[in-house]
Amino acid sequence: MAEEELRPQHETLQARDKVVLKMTRDGAAEENLTQGSTERISHRPEDAVFQSEENASASEETPASQKPSQQQLYHSETSKVAAPQSSAPPPPSVSFGSVAAQSVVTQKLRKTQAIQGLDADETLEKAAETAASAPVFEEESSGKMRRLEKKAEKAHQRLDAAREKLPTHKVLKKDRVFDEQTGKAKTRLHFEDELKKPKSQSKLTFEAEKTVGKVGDSLAFAVHGKIHEVEQDNSGVEAAHRSEIVAESAVRHYSHHQKAKTNKPYEKVSKLEHEAAAADQKLQVEKAFQANPEAKKGNMNRHYQKQRIKKDYAAAWKSGSQTASTASAKAGKTVREKASDKVKEFFSKNKKVFLWIGAGVACIVLFAAGFSSCTAMFSQAGSSVMATSYLSEDDAMLGAEAQYCDMEAELQDYLDNYEATHDYDEYHFDLDEIEHDPYVLVSILSALNEGQFTLDGVQGMLEMLFEKQYILTEEVVVETRYRTETRYDSEGNPYPVEVPYDYYICYVTLENFNLSHVPVYIMSEDELSLYSAYMSTLGNREDLFGDSEYVDKYITNPPADYDVPAEYLDDATFATLLSEAEKYIGYPYVWGGSNPSTSFDCSGFVSYVLTNSGLCNTGRLGAQGLYNICTPVSDPQPGDLVFFVGTYDTPGVSHVGIYVGDQVMLHCGDPIQYTSIASSYWQNHFYAYGRPPY
């Protein structure tokens, strides 16, 4: 029987709107799919617009015990749409008025400074004097003189152009004109263009205005604080207070902009006037020296003469008198000549002895140099080992790993008992596996803490990493369904009725973003480089987590060597490409890495090799971007690229390597290595070959 036949005509039933409750990191949001509207229903307070330095420092010093635990995060249940909202505690009080007032006083909000009006008349007077005293340029001058003339000429041209661009405005003028016919004087009005000058201020007036402004800021601070005391109870007052602060900031910025705008043309004229005056001065000095060369020579001669006199006086003071000094110099000269003759005679008689001595000294020098280089080599090796080693205590590293595992176990328990702790009609789960590698965790913590950390010092980092690795989404969909109920009319006769009711379907999704993909989003390039170094050696502590797959990949069973057939290297392009690519064999896979200092991911490795080999400047491209610039080929040759899809959850091409012939590629696996693409895994994900634009 049709639905309409089951219902009495006097009763009209209408389906409810389809409402979806979405749980996101920003809180709960209710989306009405029928009306196309969205409403935020979370009780979590929104982020404050302002935050004072005191509040910021206080939040940073909050102990880990006061932060919400992971268990509290998971057990914050989603209330049903039809159920009334439970009362929530009021949001934490944010001292908005105090913070806003303090921002106004300390100029954090407006970021403006008092501007003193320039003396326009003085600036124009100096510019006019400099322009009037411009030197006359001679056509036959050359060399240094011509260069100085050109500089002076350009400086005056820039000064004249700046003076012509000074702003003007219309001013009403009165002229007294005598009429000879009537014998009377008349007044005529007309408009003239006059320079628009900034309002000049004395230093005393300027400082007084600055003092008044500071007093006004102090009063504003007090007023905003008083308003804040009552705004928490009235959202209208709070909104008006915010609007007032924004308006005050806008007025201050506008006033500052207007003063700066008025001063700017005259500041430019003043600057160009100084440059023109300096250029003129240099030109006049050079003209004077060329007109009288002896003047310049005399100046230099007097300078050197003074220096010689000073030296003579110093020598006389040391020897006791000028005469004694001269006598000693002559006697010394004679002794030196005699000693030189004796030395020459001794060397000529004992040539062989000095040759053997020279040979012995050379051997000693070579031995010392070799010993020094060996010492430097061992020192460098020791420094390299230290730079790539975990420096933290074992208790800190093992404790951090144990705590992270406890957080994962808590999340797993929450998901395992989800249906028992929630009350929905239907559940759908799409959950990634909960796992991480301990070497990745310890390498991240070491890189973020400059090589060494303690367990107490990384509590916040562990929570941050956990939130970025595991993204839990709970979405509740409400459907309107019908069930048949029996009702009775006024005469007591039963009849069936289709009654609507809400049916709740919960979709739970857990995404494991992969902890090794997180570093590129939270680290600087230096920190990412340090993380790469730790991963390449596992911190020189392969005994720390012996069950890790990285121990097998990097230490126990490293990638096998492979020799590319020599005949393939006859191709100069391929030989150049391979020579650059093989430099990085053994580098670890780092998500987002694109250079040797940070190591590479698959597309970063290929992009870097193509660009730095000088064959094809691709810049930094992803796997799909590399495929887009290549020409598809069906008969691949060494030096072509090979592309794969579906190696991880991403649309389009997901992996790329350099084809080296014989079904072998050189790619950034983990680590960078040669790999056969004839295996079942790579054949199942194979997409195409492509030839770069060499």
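Before any of the text, the structure's been laid out above.
Residues numbered from 1 in each chain as written. Predicted model: local features only at pLDDT ≥ 70, side-chain atom pairs only at ≥ 80, totals over all residues. Heavy atoms only, no water.

Novice: When you look at the overall build of the chain in this model, what are you seeing that I'm missing?
Specialist: Looking only at helices and strands, one finds 22 helices and 16 strands in the chain. A fraction of 66% describes how many contacts in the chain between residues 6 or more apart in sequence connect residues 24 or more apart. Split by element, the accessible area of the chain, about 43400 Å² in all, is 53% carbon and sulfur. (Helix = DSSP H or I, 4+ residues; strand = E, 2+ residues; numbered from the N terminus. Contact = heavy atoms within 4.5 Å. Areas by Shrake-Rupley, 256 points an atom, 1.4 Å probe, with all protein chains shown as cover.)

Novice: Help me understand the sheet that holds strand 11 (residues 631-633), please; the structure alone is not making it clear to me.
Specialist: In spatial order, the strands read 11-16-12-13-14-15; together these six strands make up an open sheet with antiparallel pairing. At either end of the open sheet lies a strand with only one pairing partner, and these are strand 11 and strand 15 (672-676). Ignoring which end each strand starts from, the neighbouring axes of this sheet average 40° apart. The strands touched by helix 19 (residues 572-581) within the sheet are strand 13 (653-661), strand 14 (664-668) and strand 15, with strand 13 carrying the most contacts at an inclination of about 120°. Packed onto the sheet, helix 20 (residues 602-612) meets strand 12 (641-645), strand 13, strand 14 and strand 15 and runs at close to 45° relative to strand 13. (Pairing = 2+ DSSP bridges. Axes fitted to C-alpha atoms, helices over the stretch in contact; angles between N-to-C directions.)

Novice: Before we go on, may I ask you to explain the packing of helix 19 against helix 20 in this structure?
Specialist: In a pair of packed helices, the angle between the axes and the distance between the axes together describe the arrangement. At a minimum axis separation of 9 Å, helix 19 and helix 20 run at an interaxial angle of 125°. When the axis of helix 19 is compared with that of helix 20, the two are oblique. Helix-helix and strand crossings are classified by hand; for helix 19 and helix 20 the assignment is right-handed. Facing helix 19, whose interface residues are Leu-577, Glu-580 and Ala-581, helix 20 presents Phe-605, Tyr-608, Val-609, Leu-610 and Asn-612. Split by residue class, the contact of helix 19 with helix 20 holds six nonpolar, one polar and one charged. (Parallel < 35°, antiparallel > 145°, perpendicular 65-115°, else oblique. Left-handed = near helix turned anticlockwise from the far one by under 90°. Nonpolar A, V, L, I, M, F, W, Y, C, P; charged D, E, K, R; others polar.)

Novice: Quick question: what am I supposed to make of the pairing of strand 14 here?
Specialist: In summary, the side chains of a regular strand alternate between the two faces of the sheet. Buried residues dominate strand 14, accounting for five of its five residues. Every second residue of strand 14 is oriented toward a common face, with Val-664, Leu-666 and Cys-668 on one face and Met-665 and His-667 on the other, all of them buried. Note that strand 13 and strand 14 share three bridges and pair antiparallel. From the neighbouring strand, Ile-658 faces strand 14, where its bridge partner is Leu-666. (Buried < 20%, exposed > 50% of the residue type's maximum accessible area, 1.4 Å probe, protein only.)

Novice: Explain the pairing of strand 12 here, please?
Specialist: Most of strand 12 is tucked away: four of the five residues are buried. With five bridges connecting them, strand 12 and strand 13 associate as antiparallel partners. By the bridge assignment for strand 13, Phe-644 is matched with His-655. Alignment of strand 12 against strand 16 (residues 686-691), held across four bridges, turns out to be antiparallel.

Novice: Help me understand the nonpolar core, please; the structure alone is not making it clear to me.
Specialist: Note that soluble globular proteins tend to have their nonpolar side chains buried in a common cluster. Core analysis: the largest hydrophobic core is formed by 47 residues, its most contacted members being Tyr-404, Ile-444, Leu-445, Phe-453, Leu-465, Leu-515 and Tyr-531. Every element with two or more residues in this core is listed here: helix 12 (394-416), helix 14 (438-448), helix 15 (459-469), strand 7 (470-488), strand 8 (494-512), helix 17 (525-537) and helix 18 (549-556). Beyond its immediate chain neighbours, meaning those up to four positions away, Leu-515 contacts Tyr-404, His-436, Val-440, Leu-441, Ile-444, Leu-465 and Gln-469. Counting 30 residues, the second-largest nonpolar core is a separate cluster that includes Leu-578, Leu-626, Val-653 and Ala-688. (Core = buried A, V, L, I, M, F, W, Y, C linked by side-chain atoms within 4.5 Å.)

Novice: Please explain the packing of aromatic side chains as it appears in this structure.
Specialist: Any aromatic ring pair is given by two values, namely how distant the centres are and how the planes are angled relative to each other. Applying the stated rule across the entire model yields 26 aromatic pairs. Centroid distance Tyr-584 to Tyr-608: 5.7 Å. Interplanar angle 80°. Geometry classified as edge-to-face. You can see Tyr-584 sitting in the loop between helix 19 and strand 9 (594-595) and its partner Tyr-608 sitting in helix 20, a full 24 residues away along the chain. The two residues Tyr-584 and Tyr-608 agree in class, both being buried. Ring centres of Phe-600 and Phe-605 lie 5.8 Å apart, and the angle between their planes is 70°; on these two criteria the pair is classed as edge-to-face. In this structure Phe-600 comes out as buried when scored by relative accessible area, which is 0%. Residue classification places Phe-605 among the buried positions, given a relative accessible area of 0%. These aromatic residues form a ring-pair network of at least three members: Phe-644, Tyr-659, Tyr-681, Trp-682, Phe-686 and Tyr-689. (Phe/Tyr/Trp six-rings, centres within 6.5 Å; stacked < 30°, edge-to-face > 60°.)

Novice: Even after reading the chapter, I still don't get unusual backbone geometry, so can you show me in this structure?
Specialist: A negative phi holds for most residues other than glycine; trans holds for most peptide bonds. A cis amide bond links Asp-670 to the next residue, Pro-671, at an omega of 10°. If you trace the backbone, Pro-671 turns up in the loop between strand 14 and strand 15. Here Asn-514, not a glycine, exhibits a phi torsion of approximately 80°, which is positive. Looking at the element boundaries, Asn-514 is found in the loop between strand 8 and helix 16 (519-522). A residue is classified by how much of its surface remains accessible, and Asn-514, at 34% relative accessible area, is partly exposed. A positive phi angle, near 55°, is found at Leu-538, a position not held by glycine. Within the secondary structure layout, Leu-538 lies in the loop between helix 17 and helix 18.

Novice: I keep staring at a negative patch on the surface and nothing clicks. Help me out?
Specialist: On the surface, Asp-430, Asp-432, Glu-433, Glu-435, Glu-511 and Asp-649 cluster together into a patch of negative charge. What makes Glu-435 partly exposed here is its relative accessible area of 43%. (Patch = residues over 30% accessible without salt bridge, like charges linked within 9 Å, V, L, I, M, F, W, Y side chains within 5 Å. Salt bridge = Lys/Arg side-chain N within 4 Å of Asp/Glu carboxyl O. Lys, Arg positive; Asp, Glu negative; His and termini not counted. Charge placed at Lys NZ, Arg CZ, Asp CG, Glu CD.)

Novice: Any chance you could explain helix 17 here in plain terms?
Specialist: What sets the pattern is the α-helix's 3.6 residues per turn: residues three or four places apart point alike. Here helix 17 contains 13 residues, and its C-alpha end-to-end distance of 19 Å stays within 8% of the 18 Å for a straight helix at 1.5 Å per residue. The set of residues buried in helix 17 consists of Leu-528, Tyr-531, Ser-532, Tyr-534 and Met-535. For helix 17, the buried positions fall inside an angular range of 165° around the axis, keeping them on one side. Following helix 17 by one or two positions, Leu-538 has its phi on the positive side, about 55°. (Expected span 1.5 Å × (residues − 1). Arc of directions from axis to C-beta.)

Novice: Can you walk me through the pattern of salt bridges in this structure?
Specialist: Side chains that differ in sign of charge can pair as their charged atoms come close. Within the structure shown, the criterion is met by nine salt bridges. Residue Asp-670 is joined to Lys-553 by a salt bridge in which the shortest nitrogen-to-oxygen separation is 3.1 Å. In this pair, Asp-670 is assigned in the loop between strand 14 and strand 15 and Lys-553 in helix 18, connecting sequence segments 117 residues apart. Judged by its relative accessible area of 23%, Lys-553 falls in the partly exposed class. The network of salt bridges with common partners includes Asp-394, Arg-541 and Asp-543.

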